[in-house]
Amino acid sequence: TIDVDSGGTGPAIDPDMYGVFFEDINRAADGGLYAELVQNRSFEYLPVDNGSYTGLTAWSAVSSAGGSGTAATVDDDARLNERNRTYLKLTLSNTGAGAYGVQNAGYNTGVALEKGKRYDFSVWARTDAAGGTPLTVSLRDQAGTTTYATAVRVSVRGDTWRRYTGTFVATGTTDAARLTVQAGGAGTLRLDMVSLFPRDTFKGRPNGLRKDLAEKIAALRPGFVRFPGGCIVNTGSMYGYDAASGYQRARAYQWKDTVGPVEERATNANFWGYNQSYGLGYYEYFQFAEDVGAKAVPVVPALVTGCGQNRAVDDEALLQRHIQDTLDLIEFATGPATSTWGAKRAAMGHPEPFGLDRLEVGNEENLPDAFMARFVKFRDAIKAEYPDITIISNSGPDDMGATFDRAWELNRANGVEMVDEHYYNSPDWFLQNNRRYDSYDRSGAKVWLGEFASQENKLYNALAEGAYLTGLERNADVVTMASYAPLLANIDYVQWRPDMIWFDNDQSWGSASYEVQKLFMTNVGDRVVPSTFSGATRTPEPVTGAVGLSTWRTAARYDDVLVTSADGTQLFHDDFSAGADRWTPIAGRGAWSVVDGGYVQSDTAAENTMVEAGDENWRDYDLDVKATKLSG
Ligand code: AHR
């Protein structure tokens, strides 16, 4: 029986409670949401980004009509600019009608084209050939036997960098085309930023986003967009590009690297093992958030590295620079077009402020004390200028153990307004922990469940996540934001699963979790209506004295058992599924190890130690526990 108190007043639910978390993981940006079709367009793939890279990754040499030459990537004084350092140098030795050049393999199976659609080509080039260098740009299959558009012809003139453009109209549909750039004549031709964009991007934005992916995200009607990560925010070096000290790869994500003309943006080694072009940068993130009607929620690094690096950077001058960068970011988002950073935003095409009412400092640092010392400095500096902006902290990594507890202790002690929690757990965990937030302090920090997912992409996972969201909504006075993670995965470049939306170079599809998130995100209630359930199932049954674990299973009285100790601490769970015993220790509670095919838990006291010696040969231990019969 469900009793609904229709006149009761449960907590109000923020209409923007559900949002999305975008991180450039699984090639979510280049080769994903960012609509650029050319891979390694600026020849900045370096072996330090990924051991398999060279400057010519995704490129190969081509020639026609007996053309000849050499192709090499070069980082010298002839570069396009200080940030876009490496370029392609073609040394041409063609005679007659011969042409020599390179072709790009795109992502996945190649460059995806759709018949009748327009594609905009551009390239930066310079030549030392006195009469100029003719370029023929084509879209064709790998063997060069099928063409997918009339070729674009460009005449490069002069030995200074200039941008050249052209447009294709696709005459066929394919997911495996190649973009080919071939040059005639002799001499040295330098190329950089070889680019091909579909004209049909999301909302028609230049330098825009892939339409099918952006539309799937928009269909969620997200209340917010958290970006740009995750681990890519606070890993690597904290130093930005510095011409005096040399070009440093694997920098922590620094927003100033990612704005301005695309050919002047830095590229970076990505924490997830590949190059990131930053073509999808902070301007594009803000624009995307605006286009889908969501609040933009940036995350900035706090000079403590996370995600296994676990290092605190002690450099007060650098810290102050990062704090100033964050103040500049807020000006970029909210300042008038007459302000320094508002003017840069306006120059990129958005004179009106984007707006910003919340910002996260740091991501999953597992050095809570070092993090909080820095967080407080960020917060104080921001609040002094922007008192209405909510500054969000975090609860450390997903360990729910000592680090988590210490992080929360510090968040409370420092009066933090909102704490970002992350966890990835089994679907059973999500079912068992529906009441997690019932006991959170109602007058303390708000919680943002900034990253969560149950650990597969099956229907059961999606249902468990949906069930869990009801627990978040019941606690909407505490949990005010929630976002599944990760959002996107390119099937050929996966670093993390499960994911919400999957894609290749011309198709995309939502997981079952996507459908459940969409259901909740597009049906956000105004207020929780209090309700109670009464029924015959799932009544906790205290178990005292000697308990035979085998009895629990074979007598079928407990076919799915959650065990808690007398003080309510969850110890383990066994759903007896698939004929095998699946002991699932509750995260962060005691250390578990496998002994003789069984499990030993060393928790706090001897009475909580149990041994399973083998599947059919369980030993009985005296357990001072309570068992909750979950079903059956
Ligand atoms: O969502 C994938 C990763 O999980 C994020 O980068 C990080 O914040 C978390 O550990």
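Given the structure is predicted, the values throughout are model-derived calculations rather than measurements. (Residues numbered from 1 in each chain as written. Predicted model: local features only at pLDDT ≥ 70, side-chain atom pairs only at ≥ 80, totals over all residues.)

A. Region of the structure containing the overall build of the protein. When helices and strands are tallied, the protein shows 11 helices and 37 strands. Residues classed as buried in the protein amount to 46% of the 632 residues present. Within the protein, counting contacts between residues at least 6 apart in sequence, those at least 24 apart form 72% of the total. (Helix = DSSP H or I, 4+ residues; strand = E, 2+ residues; numbered from the N terminus. Buried ≥ 20, exposed ≤ 12 C-beta atoms within 10 Å, placed from the backbone. Contact = placed C-beta atoms within 7 Å.)

B. Region of the structure containing the sheet that holds strand E5 (residues 87-93). Taken together, the five strands give an open sheet; going across it, the order is E4-E5-E13-E8-E11, and neighbouring strands pair in antiparallel fashion. Edge positions in the open sheet fall to strand E4 (69-74) and strand E11 (162-169), since each of these has one partner strand only. Across the sheet, the axes of successive neighbouring strands diverge by a mean angle of 30°, strand direction being ignored. Bridge analysis of strand E8 (residues 118-127) against strand E13 (residues 186-198) gives eight bridges, and the strand direction is antiparallel. (Pairing = 2+ DSSP bridges. Axes fitted to C-alpha atoms, helices over the stretch in contact; angles between N-to-C directions.)

C. Representation of the nonpolar core in the model. Ranked by size, the top nonpolar core spans 142 residues in total, and within it Leu33, Leu191, Val225 and Leu487 carry the most contacts. Counting the residues that make up this core, at least three belong to each of domain 1 (59-198) and domain 2 (216-230 + 270-484). The residues contacting Leu191, other than those within four sequence positions of it, are Tyr87, Leu88, Leu90, Val123, Ala125 and Val181. (Core = buried A, V, L, I, M, F, W, Y, C linked by C-beta atoms within 7 Å. Domains from an automatic or database assignment.)

D. Representation of the pairing of strand E6 (residues 99-104) in the model. By the criterion of burial, E6 is predominantly enclosed, with six of the six residues buried. Of the two faces of E6, the one carrying Ala99, Gly101 and Gln103 and the one carrying Tyr100, Val102 and Asn104 are both buried. Relative to E6, strand E3 (residues 59-64) runs antiparallel, the two sharing six bridges. Within E6, the position partnered with Ala61 by the bridge is Val102. Bridge count between E6 and strand E12 (residues 174-184): six bridges; the pairing is antiparallel. The partner of Tyr100 across the bridge, within E12, is Ala183.

E. Here's a closer look at the packing of helix H6 (residues 368-385) against helix H7 (residues 402-413). H7 packs onto H6 with a crossing angle of 25° between their chain directions and a minimal axis gap of 9 Å. One element, H6, and the other, H7, form an angle in the roughly parallel class. When you trace H6 past H7, the crossing you get is right-handed. In this structure, H6 uses Pro368, Asp369 and Met372 to contact H7, whose residues at the interface are Thr403, Arg406, Ala407 and Leu410. Looking at side-chain class alone, the contact of H6 with H7 contains four nonpolar, one polar and two charged residues. (Parallel < 35°, antiparallel > 145°, perpendicular 65-115°, else oblique. Left-handed = near helix turned anticlockwise from the far one by under 90°. Nonpolar A, V, L, I, M, F, W, Y, C, P; charged D, E, K, R; others polar.)

F. Structural detail: the site of the ligand. Lining the immediate environment of the ligand, one finds 13 residues, of which Gly230, Cys231, Glu364, Ala485 and Pro486 sit closest. Across the shell around the ligand, the residue classes break down as six nonpolar, four polar and three charged. (Near = placed C-beta within 6 Å.)

G. Fine view of H6. Relative to the 26 Å expected for 18 residues at 1.5 Å per residue, H6 spans 26 Å between its end C-alpha atoms, a close match to the ideal helical length. Looking at H6, one finds that the buried residues are Pro368, Phe371, Met372, Arg374, Phe375, Phe378, Arg379 and Ile382. In this structure, the buried residues of H6 make contact with strand E18 (304-305), helix H4 (316-334), strand E20 (358-361), strand E21 (390-394) and H7. (Expected span 1.5 Å × (residues − 1).)

H. A look at helix H9 (residues 459-474). Taking 1.5 Å of rise per residue, the 16 residues of H9 would be expected to cover 22 Å, and the 23 Å separating its terminal C-alpha atoms lies within 8% of that figure. Packed against the buried residues of H9 are helix H8 (427-432), strand E23 (446-454), strand E24 (479-484) and helix H10 (512-521).

I. Region of the structure containing the environment of Leu472. By the secondary structure assignment, Leu472 is in helix H9. Judged by the 23 C-beta atoms lying within 10 Å of it, Leu472 falls in the buried class. Sequence-wise, Leu472 and Ser454 are 18 residues apart; in three dimensions their C-alpha atoms are separated by 15 Å. When neighbours within four sequence positions are excluded, Leu472 is seen to be in contact with Tyr437, Leu449, Val479 and Ala482.

J. Up close: the packing of H4 against helix H5 (residues 340-347). The contact between H4 and H5 brings their axes to 7 Å, and the two run at 50°. Overall, the two elements H4 and H5 adopt an arrangement that is oblique. Between H4 and H5 the crossing geometry is right-handed. Across the interface between the two elements, Asp328, Glu331 and Phe332 of H4 pack against Thr340, Trp341, Gly342, Lys344 and Arg345 of H5. Per-class residue counts for the contact of H4 with H5 are two nonpolar, two polar and four charged.

K. Broad picture of the sheet that holds strand E26 (residues 501-503). Overall, mixed pairing links the three strands, which are arranged E25-E26-E27 in an open sheet. Each edge of the open sheet is held by one strand with a lone partner, namely strand E25 (488-490) and strand E27 (508-510). If you compare each strand with its neighbour and ignore which way they point, the axes differ by 20° on average. Pairing of E25 with E26, which is carried by three bridges, proceeds in the parallel orientation. Looking across to E26, one finds that Leu488 is bridged to Ile501. Set on the sheet, helix H1 (residues 211-218) makes contact with E25, E26 and E27; between it and E27 the angle comes to about 15°.

L. Unusual backbone geometry, seen in detail. Residue Gly229 is joined to Gly230 through a cis peptide bond whose omega torsion reads 15°. Residue placement: Gly230 occurs in the loop between strand E14 (224-227) and helix H2 (231-234). Residue Pro498 follows Arg497 across a cis peptide bond; omega there is 5°. With respect to the helices, strands and loops of the structure, Pro498 is situated in the loop between E25 and E26. Residue Leu303 is not a glycine yet carries a positive backbone phi of 65°. Turning to its location among the elements, Leu303 is positioned in the loop between strand E17 (295-300) and E18. Taking the C-beta count within 10 Å as the criterion, Leu303 has 28 such neighbours and is therefore assigned buried.

M. Spotlight on the environment of Met193. Summarising the element assignment, Met193 is placed in strand E13. For Met193, a count of 23 C-beta atoms within 10 Å translates into the label buried. Spatially, the C-alpha atom of Met193 lies 5.9 Å from that of Trp124, the residues being 69 residues apart in sequence.

N. Representation of the confidence of the model for the protein in the model. Across the protein, pLDDT averages 87, with 83% of residues at or above 70. Per-residue pLDDT stays below 50 along residues 542-559; that stretch engages in 21 contacts with residues further than four places along the chain or on separate chains. Predicted confidence is poor over residues 576-626, with pLDDT under 50, and the contacts of this stretch with residues over four places away or in other chains come to 93 contacts. Both scores are given for the predicted complex: the pTM is 0.87, the ipTM 0.99. (pLDDT = per-residue confidence, 0-100.)

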